[in-house]
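# Examining the three-dimensional arrangement
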Amino acid sequence: MKKAPYSLKEAQQLCCDYQYLEGQPFENGSNSIIERVTITPFDEINKQRFLIFYFLFNNAESALAQDYRGLLFDVLVIARSVNDEHELLQEDIITWLTANKNLVPEQTINSVS
């Protein structure tokens, strides 16, 4: 699997491919559940702005549409604590897949390189 940055089309395909992660634990022993696999801006400043808007609107599409006009994207796995709705965890898809090999099907693991 190619690492970010992605074109919008590539990011959309990755999101589609990993939607099955939603509702699963963020990591073993975690009390956080993945609520979204979503497209985000690639650069850190715009990614942080996206996360602020996501937290405020609780909607990834609205958050991305706020002010990002760039052409480079990333895909994030976003989880929320079941004990504290204000606690969000996030990780880019490649890093998450690499760290959580035990939570994904074998064919997915082999494609992450």
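Read on for an overview of the structure. (Residues numbered from 1 in each chain as written. Predicted model: local features only at pLDDT ≥ 70, side-chain atom pairs only at ≥ 80, totals over all residues. Heavy atoms only, no water.)

### Observations concerning empty space enclosed by the protein
For the structure on display, the rule yields 1 cavity of 30 Å³ or more. If you add up the space inside the largest cavity, you get close to 50 Å³. As for the largest cavity, its lining consists of Pro41, Asn46, Arg49, Phe50, Phe53, Ala63, Leu64, Gln66, Asp67 and Tyr68. Taken together, the elements giving at least two residues each to the lining of the largest cavity come down to helix H2 (44–57) and helix H3 (60–65). The dominant element in the lining of the largest cavity, judged by the number of residues it contributes, is H2, at 4 residues. When the residues that make up the lining of the largest cavity are grouped by side-chain class, the tally is 6 nonpolar, 2 polar and 2 charged. (1 Å grid on protein atoms, 1.4 Å probe; cavity = no way out; pocket = protein on both sides within 12 Å on 5 of 7 lines; lining within 4 Å. Points joined across faces, edges and corners; volume = space filled by probe spheres on them. Helix = DSSP H or I, 4+ residues; strand = E, 2+ residues; numbered from the N terminus. Nonpolar A, V, L, I, M, F, W, Y, C, P; charged D, E, K, R; others polar.)

### Describing H2
Since one α-helical turn is 3.6 residues long, residues separated by three or four positions face the same way. End to end, H2 covers 20 Å across 14 residues, agreeing with the expected 20 Å (1.5 Å per residue, within 8%). Of all the residues in H2, the buried ones are Lys47, Phe50, Leu51, Phe53 and Tyr54. Relative to the axis of H2, the buried residues are bounded by an arc of 165 degrees and lie together on one face. Relative to its buried face, H2 has exposed residues pointing more than 90 degrees away, namely Ile45, Ile52 and Leu56. (Expected span 1.5 Å × (residues − 1). Buried < 20%, exposed > 50% of the residue type's maximum accessible area, 1.4 Å probe, protein only. Arc of directions from axis to C-beta.)

### Observations regarding the sheet that holds strand E2 (residues 73–81)
Taken together, the 3 strands give an open sheet; going across it, the order is E1-E2-E3, and neighbouring strands pair in antiparallel fashion. Only two strands of the sheet have a single neighbouring strand rather than two, namely strand E1 (32–41) and strand E3 (88–92). Averaged over all pairs of adjacent strands, the angle between strand axes in this sheet comes to 25 degrees, irrespective of strand direction. Looking at chain direction, E1 and E2 are connected through 9 bridges and run antiparallel. (Pairing = 2+ DSSP bridges. Axes fitted to C-alpha atoms, helices over the stretch in contact; angles between N-to-C directions.)

### As for the environment of Thr98
On the secondary structure map, Thr98 appears in helix H4 (residues 93–99). Between the C-alpha atom of Thr98 and that of Arg36, which follows or precedes it by 62 residues, the distance is 18 Å. A distance of 2.9 Å separates a polar atom in the side chain of Thr98 from the backbone oxygen of Ile94. (Polar contact = N/O pair within 3.5 Å; in protein donor to acceptor, adjacent residues only side chain to side chain.)

### Here we look at the pattern of salt bridges
What the rule picks out here adds up to 6 salt bridges. The partner of Lys2 in a salt bridge is Glu10, with the nearest N and O atoms 3.1 Å apart. Its relative accessible area of 45% is what places Lys2 among the partly exposed residues. A relative accessible area of 32% means that Glu10 is categorised as partly exposed. Across the pair Lys47 and Asp74 runs a salt bridge, and its minimum N-O distance is 2.8 Å. (Salt bridge = Lys/Arg side-chain N within 4 Å of Asp/Glu carboxyl O.)

Nothing here speaks to function; it is all geometry.
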